[in-house]
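Structural characterization, general
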Amino acid sequence: QFLPTMNNQNNTPSSVVCFKNGFSFVTVPVVLKAEDTEKSEDSKVEIKLCSIGPLPSFAVHGTVGLQADKPECVKIFSLSKASKVDEQLTVPNGPDFSYHAFLEANLDSPVRINVKDGNSGSSQFGNSGSSQFGNSANFNYEGTVKWVQPSGEGPKMAILETTENMMKFDKLIDTSKIVHLERIMRGVPGYESSSLLVRYLNRGEGDPACTLSYLTKGLTWAPSYSILMNTENKTIKLEGKACLLCDLPFLNGGAISEISLVAGEPKMEFQHLSDPLASGVSASDFEYSIH
């Protein structure tokens, strides 16, 4: 089974068109770097496979597209949702393989922790869930490992940065009470992203350049205006500002070459229906949602 590697590509868009109704049309330059190949039925054509993205968890149905910069050299056969890559914890060096040592070896990594008795620390903030086993309760926490107390004598504590309603909180964890630890995909809860698997034929030289585009939620803008009146000079000065809001976790603040702010609020067919390439919804559920 082919598993995507994402090739560590830059996810910064080349252009963004922001509408006031919360939708934005995003274009991202990508380079197709072959990660695997497969033969056509007659074995005369070698089809290349690679993964690109990420896509947000919501993209308006029918708007996800990939265009080659040189279509005369590159033929794109299909786009499909790529399989998720299982994230692995870094194994600690040395003889200590306790949960505390694993957290030390995985600083700044997103993890899911299961803590027994629920008495993991003084802070009660963050995403959590509980399950009851006999007379003891187990609590689950998801977040990024931000700090681990140096190994040695004394209490073994760690700080997990969690997210709740798009706000970040610190959760103090007693690592001696951890009963399960696993690494998870990096992202913001409710805004998980995914990658696309591309099958293509390249008749040109080198890795072909393409443009990935989609219409999504999570990027919007709000204007504000002020009027300064000078009674002495009898002049009026009008100032306008734009506040851009972004909930897409994979946009890391890189410079975007072109941003267009559209004051209108266009209405689109299927604007609240997510494309299966982004959502990964099953065929039966998608069929139900469009009727």
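Notes on the structure follow. (Residues numbered from 1 in each chain as written. Predicted model: local features only at pLDDT ≥ 70, side-chain atom pairs only at ≥ 80, totals over all residues. Heavy atoms only, no water.)

For aspartate 174, the location among the structural elements is in strand β11 (residues 167–174). This buried residue, aspartate 174, is left without a salt bridge; lysine 177 holds the nearest opposite charge, at 4.4 Å. Only 2.7 Å separates the side chain of aspartate 174 from the side chain of serine 176, close enough to count as a polar contact. (Helix = DSSP H or I, 4+ residues; strand = E, 2+ residues; numbered from the N terminus. Buried < 20%, exposed > 50% of the residue type's maximum accessible area, 1.4 Å probe, protein only. Lys, Arg positive; Asp, Glu negative; His and termini not counted. Salt bridge = Lys/Arg side-chain N within 4 Å of Asp/Glu carboxyl O. Polar contact = N/O pair within 3.5 Å; in protein donor to acceptor, adjacent residues only side chain to side chain.)

Moving on, we come to the sheet that holds strand β14 (residues 209–217). Read across the sheet, five strands follow the order β5-β14-β2-β1-β17 without closing on themselves; strand pairing throughout is mixed. The sheet terminates laterally at β5 (65–68) and β17 (258–262), the two strands that pair on one side only. Adjacent strand axes in the sheet meet at a mean angle of 15°, parallel and antiparallel pairs treated alike. Bridge count for β5 against β14 is four bridges, and the pairing is antiparallel. Note on β14: the bridge partner recorded for glutamine 67 is threonine 211. (Pairing = 2+ DSSP bridges. Axes fitted to C-alpha atoms, helices over the stretch in contact; angles between N-to-C directions.)

Moving on, we come to a nonpolar patch on the surface. Together, Tyr225, Ile227, Met229, Ile236 and Leu238 line one region of the surface with nonpolar side chains, adding up to about 650 Å² of accessible area. Those elements that provide at least two residues to the nonpolar patch are β15 (219–230) and β16 (235–246). Considering each element in turn, the nonpolar patch owes the most residues, three residues, to β15. As for its placement among the helices and strands, isoleucine 227 is situated in strand β15. Taking relative accessible area as the criterion, isoleucine 227 reaches 58% and is therefore assigned exposed. (Patch = residues over 30% accessible without salt bridge, like charges linked within 9 Å, V, L, I, M, F, W, Y side chains within 5 Å. Areas by Shrake-Rupley, 256 points an atom, 1.4 Å probe, with all protein chains shown as cover.)

Let's shift gears to the environment of lysine 70. Among the structural elements, lysine 70 can be located in the loop between β5 and β6 (74–81). Sequence-wise, lysine 70 and proline 208 are 138 residues apart; in three dimensions their C-alpha atoms are separated by 7.7 Å.

Aromatic ring pairs are described here by two measures, namely the spacing of the ring centres and the angle between the planes. Enumeration over the complete set of coordinates arrives at zero aromatic pairs. The lysine or arginine in question, lysine 217, covers the ring of phenylalanine 58, its NZ or CZ lying 4.8 Å from the ring centre. (Phe/Tyr/Trp six-rings, centres within 6.5 Å; stacked < 30°, edge-to-face > 60°. Lys NZ or Arg CZ within 6 Å of the ring centre and 35° of its normal.)

Let's shift gears to the pattern of salt bridges. Within the structure shown, the criterion is met by six salt bridges. A salt bridge links arginine 199 to glutamate 38, with the nearest nitrogen and oxygen atoms 3.0 Å apart. Highlighted residues: arginine 199 in strand β13 (residues 194–202) and glutamate 38 in strand β3 (residues 36–39), separated in sequence by 161 residues. Looking at arginine 199, the relative accessible area reads 24%, which means it is partly exposed. What makes glutamate 38 partly exposed here is its relative accessible area of 30%. With its nearest N and O atoms 3.6 Å apart, the salt bridge here joins lysine 146 to aspartate 108. Of this pair, lysine 146 sits in strand β9 (residues 136–148) while aspartate 108 sits in the loop between α1 (99–105) and β7 (110–116), and the two are 38 residues apart along the sequence. Through salt bridges with shared partners, a single ionic network connects Arg112, Glu142 and Glu182.

Let us look at the side chain of threonine 175. Inspection of the secondary structure puts threonine 175 in the loop between β11 and β12 (178–183). There is a polar contact of 2.8 Å between the side chain of threonine 175 and the side chain of histidine 100.

In this structure, Leu32, Ile52, Leu55, Leu66, Leu212 and Tyr214 are the most contacted members of the largest nonpolar core, which totals 26 residues. Taken together, the elements giving at least two residues each to this core come down to β1 (15–19), β2 (23–31), β4 (46–55), β5, β13, β14, β15 and α2 (276–279). In this structure, Ile113, Tyr141, Val145 and Ile178 belong to the second largest nonpolar core, which totals 13 residues. (Core = buried A, V, L, I, M, F, W, Y, C linked by side-chain atoms within 4.5 Å.)

This part is about the environment of lysine 81. Checked against the element boundaries, lysine 81 lands in strand β6. Sequence-distant contacts of lysine 81, defined by excluding residues within four places in its chain, comprise Ser194, Ser195, Pro276, Leu277, Ala278, Ser279 and Gly280. Within polar-contact distance, the side chain of lysine 81 engages the backbone oxygen of alanine 278 at 3.1 Å. (Contact = heavy atoms within 4.5 Å.)

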